[in-house]
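# Structural features, examined
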Amino acid sequence: MKSRTPKTKAVMATVSAGALLVMLAACSADGSTSTGTESADGGADSASGDCSNEIVYPDAPQVSVWAWYPNINTVVDMYNKEHKDVQVCWSNAGQGGDEYAKFSTSIAAGSGAPDVIMLEAEVLPGFELQNALVDLSEHGADEVKGNFSAGAWKDVSSGDSVYAIPVDGGPMAMIYRSDIFAKYGIEIPTTWDDYAAAAQKLKDAGGPFMGDFGSNVPAWFTALMTQNGQVAWDYDSADPQSIGVDLNDEGSKKVADYWQDLIKKGLVDTQDQFTTDYVGGLANGSYATYVSAAWAPGYLTGAGGAATGDGAEWQVAPLPQWDASDPVSVNWGGSTFAVTTQAKDADLAATVAKTLYASDEALKDGVDTQTIFPLNQKVLTSEAFATTPVAFFNGQQANGEVYIPAENAYPGYTYSPFTTYYYSELTKSMLTIIDGSTTGSKALDQLQETMTDYAKAQGFKVK
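Note that this is a predicted model, so its numbers are computed, not measured.

This paragraph deals with the overall build of the chain. From N to C terminus, the chain includes 20 helices and 14 strands. Across the 463 residues in the chain, those meeting the buried criterion constitute 60%. Within the chain, counting contacts between residues at least 6 apart in sequence, those at least 24 apart form 78% of the total.

Take the pairing of strand E6 (residues 165-177) next. Burial analysis of E6 places 13 of its 13 residues in the buried class, the great majority of the element. Summarising the sheet, E6 and strand E13 (residues 331-339) pair through five bridges and their orientation is antiparallel. Across the sheet, the residue bridging to Ile165 is Phe337, located in E13. Pairing of E6 with strand E11 (residues 289-293), which is carried by five bridges, proceeds in the antiparallel orientation. By the bridge assignment for E11, Ile175 is matched with Tyr290. Across five bridges, the pairing between E6 and strand E12 (residues 314-318) is antiparallel. Its bridge partner being in E12, Met174 is matched across the sheet by Ala317.

Read across the sheet, three strands follow the order E8-E9-E14 without closing on themselves; strand pairing throughout is mixed. A single partner strand is all that each edge strand has here, and the edge strands are strand E8 (233-234) and strand E14 (461-462). Lying on the sheet, helix H20 (residues 440-457) is in contact with E8, strand E9 (242-245) and E14; it crosses E9 at an angle near 175 degrees.

Bringing the packing of aromatic side chains into the picture now. For the coordinates displayed, the defined rule picks out 37 aromatic pairs. Between the aromatic rings of Tyr100 and Phe127, the centroid separation amounts to 6.2 Å while the plane-to-plane angle is 70 degrees, which identifies the pairing as edge-to-face. Taken together, the positions of Tyr100 in helix H4 (residues 97-109) and Phe127 in helix H5 (residues 124-129) put the pair 27 residues apart, joining distant regions of the chain. Overall, Phe127 belongs to the buried group, its relative accessible area being 1%. Seen from their ring centres, Trp220 and Trp259 are 5.3 Å apart, and the 65 degrees between their planes marks the pair as edge-to-face.

Membership of the largest hydrophobic core comes to 145 residues, with the highest contact counts inside it found for Phe221, Trp259 and Phe337. At seven residues, E6 tops the list of elements feeding residues into this core. Discounting chain neighbours no more than four positions away, the residues touching Phe221 are Phe213, Val255, Ala256, Trp259, Leu426, Met430 and Ile433.

By the criterion of burial, helix H10 (residues 218-227) is predominantly enclosed, with 10 of the 10 residues buried. All buried positions along H10 are accounted for by Pro218, Ala219, Trp220, Phe221, Thr222, Ala223, Leu224, Met225, Thr226 and Gln227. Within two residues after H10, Gly229 carries a phi angle of roughly 105 degrees, on the positive side.

What follows concerns the side chain of Asp269. You can see Asp269 is positioned in strand E10 (residues 268-269). The buried charged residue Asp269 lacks any salt bridge, with Lys203 as its nearest oppositely charged partner at 12 Å. At 2.7 Å, the side chain of Asp269 and the side chain of Tyr287 are in polar contact. Not counting residues up to four positions away in its chain, the partners in contact with Asp269 are Phe209, Gly211, Asp212, Phe213 and Tyr287.

A word on the pattern of salt bridges. Under the defined criterion, the tally for this structure stands at eight salt bridges. Notably, a salt bridge pairs Lys463 with Asp234, separated by 3.4 Å at the nearest N-O pair. Placement of Lys463 in the segment after E14 and of Asp234 in strand E8 is noted, with a sequence separation of 229 residues between them. Take Lys463: its relative accessible area is 54%, and that puts it in the exposed class. Relative accessible area serves as the criterion here: at 44%, Asp234 is assigned to the partly exposed category. Between Lys253 and Asp445 there is a salt bridge, with the nearest N and O atoms lying 2.9 Å from each other. Pair noted here: Lys253 is in helix H11 (residues 250-264) and Asp445 is in helix H20, with a separation of 192 residues, a long-range link. The class for Asp445 is partly exposed, based on a relative accessible area of 29%.

To continue, consider unusual backbone geometry. A positive phi angle, near 60 degrees, is found at Asn131, a position not held by glycine. Checked against the element boundaries, Asn131 lands in the loop between H5 and helix H6 (142-145). Exposure remark for Asn131: the relative accessible area of 29% places this residue in the partly exposed category.

The relative placement of two packed helices comes down to the angle between their axes together with the axis-to-axis distance. Where helix H9 (residues 192-204) contacts H11, the two axes come as close as 11 Å, and the packing angle between them is 5 degrees. Put simply, H9 runs roughly parallel to H11. Residues Trp192, Tyr195 and Ala196 of H9 form the contact with H11, whose own contacting residues are Tyr258, Trp259 and Leu262.

Calculation rules
Sequence order sets the numbering: in each chain, residues are counted from 1 along the sequence as written. Totals for whole chains, interfaces and linings use every residue, but because this is a predicted model, local features are given only for residues with pLDDT of at least 70 and side-chain atom pairs only at 80 or more, for both listing and counting. Side-chain metrics in this entry use all non-hydrogen atoms of the structure; hydrogen atoms and water are not considered. Put simply, DSSP marks the helices as runs of H or I at least four residues long and the strands as runs of E at least two long, and each gets a number from the N terminus on. The classification of residues rests on relative accessible area computed with a 1.4 Å probe and restricted to protein chains. Under 20% of the type maximum is buried, over 50% is exposed, and intermediate values are partly exposed. The contact definition used throughout considers only heavy atoms, calling two residues in contact when any of these lie within 4.5 Å. By the convention used here, strands pair only if DSSP detects at least 2 bridges between them. In this analysis an axis means a line fitted to C-alpha atoms, helices contributing only their contacting stretch, and an angle means the value between N-to-C directions, from 0 to 180 degrees. Aromatic rings from Phe, Tyr and Trp, taking only the six-membered ring of Trp, are treated as a pair when their centres fall within 6.5 Å; an angle between ring planes under 30 degrees marks them as stacked, one over 60 as edge-to-face, and anything in between as tilted. Among buried residues, those of type Ala, Val, Leu, Ile, Met, Phe, Trp, Tyr and Cys that are joined through side-chain atoms within 4.5 Å constitute a nonpolar core. Only four residue types enter the charge count: Lys and Arg as positive, Asp and Glu as negative, with His and the chain ends excluded. The salt bridge criterion pairs a side-chain nitrogen of Lys or Arg with a carboxyl oxygen of Asp or Glu, the two atoms within 4 Å. By the criterion applied in these results, polar contacts are pairs of N or O atoms within 3.5 Å in which, for protein atoms, one can donate a hydrogen and the other can accept it, and in which residues neighboring in sequence qualify only through two side-chain atoms. Orientation labels follow simple angle bins: below 35 degrees gives roughly parallel, above 145 gives roughly antiparallel, 65 to 115 gives roughly perpendicular, and whatever is left gives oblique.

Printed below as a string of structure tokens:
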């Protein structure tokens, strides 16, 4: 591992332990975490022993893995049968925030962490700052870099360092009810102005809400502001004492004011997403669109299949743009495999992180179970993946038409070391946008001040 300066260690101490646990406590509340549903087998929560899977070759060295994908047990079984040189001992330590809290406890204790851990890309910098993750650029990360788009690789990188291997992502698009569009004569919007006009047309005709602005999806709102030019964070783990914060640029204010205007006019709802009522509303025609990510069909199908019932006819189109001549692709969600600094053998653990979800069989299972949108280019360049009719979208070839182009155009994102604290504060800002107690622009000005003060209080030099 690269050495850290004493001042860096001081910053780490400020942000680690209690502060990070507070930040992580709300991690699953924003809907950005854990893009699949939790495995039916709760698994063990220890880093070693008590494997939730069969060890096929007991004489081989073992690598402990924490992961929550619904089909991870199948993938681990396939992996162990194929590898006599290493065996994966998998356990489910919880999903999203539950796992992160346990990992933070292990970091503080100096023991108890697994060799390999599933983490969402957005929380990587916080754990990097605690010196809890291995820099995989020193363990052959370049060997698999070509398997991923530039954007997917940027999400797991900081400067010249690489802290995880991408697995799945969430290129965003506009899922819509084609039956509702047909009934009210709505054309597919290509710009956000078109979207607002369609929303007004629906309301004037006595139709449903065009969409929803829920306060519990700050990662979603962040992606939409990023689409209009926001570069929220200037951060590099090579200089972990400094950070740039820019949350109230004019493009972001335009997005905040745009959604507040839709809310005021009654054109979109303000229902919390990822709730039974919200999913039911998608099914019963309360919403004409669901602006979401590529994992949404798997989520909606897994949520009891409710959103596919009652004659609902779903299709998907590219995300509306601010400037149709200069389209911007954004991402919501995504998981990775990282190697912890408590790994018994970092090289072996890195090998597992690079290869566990890389075989044709593992990728096929991930696709077939409809739980993930894989980022490996072996899938994204596959004609079968691109042309397979998607049942949720009534046979539309959604991957090739919408999601693959969106993923390949995604430029990547720079996350801050305190993403979840930021999400918590952004949620408060979204609530003020919803209740109208302040304007969208002023809400972002206040957020800028809050996050700048917080960064300074945590020991960062704000650029």
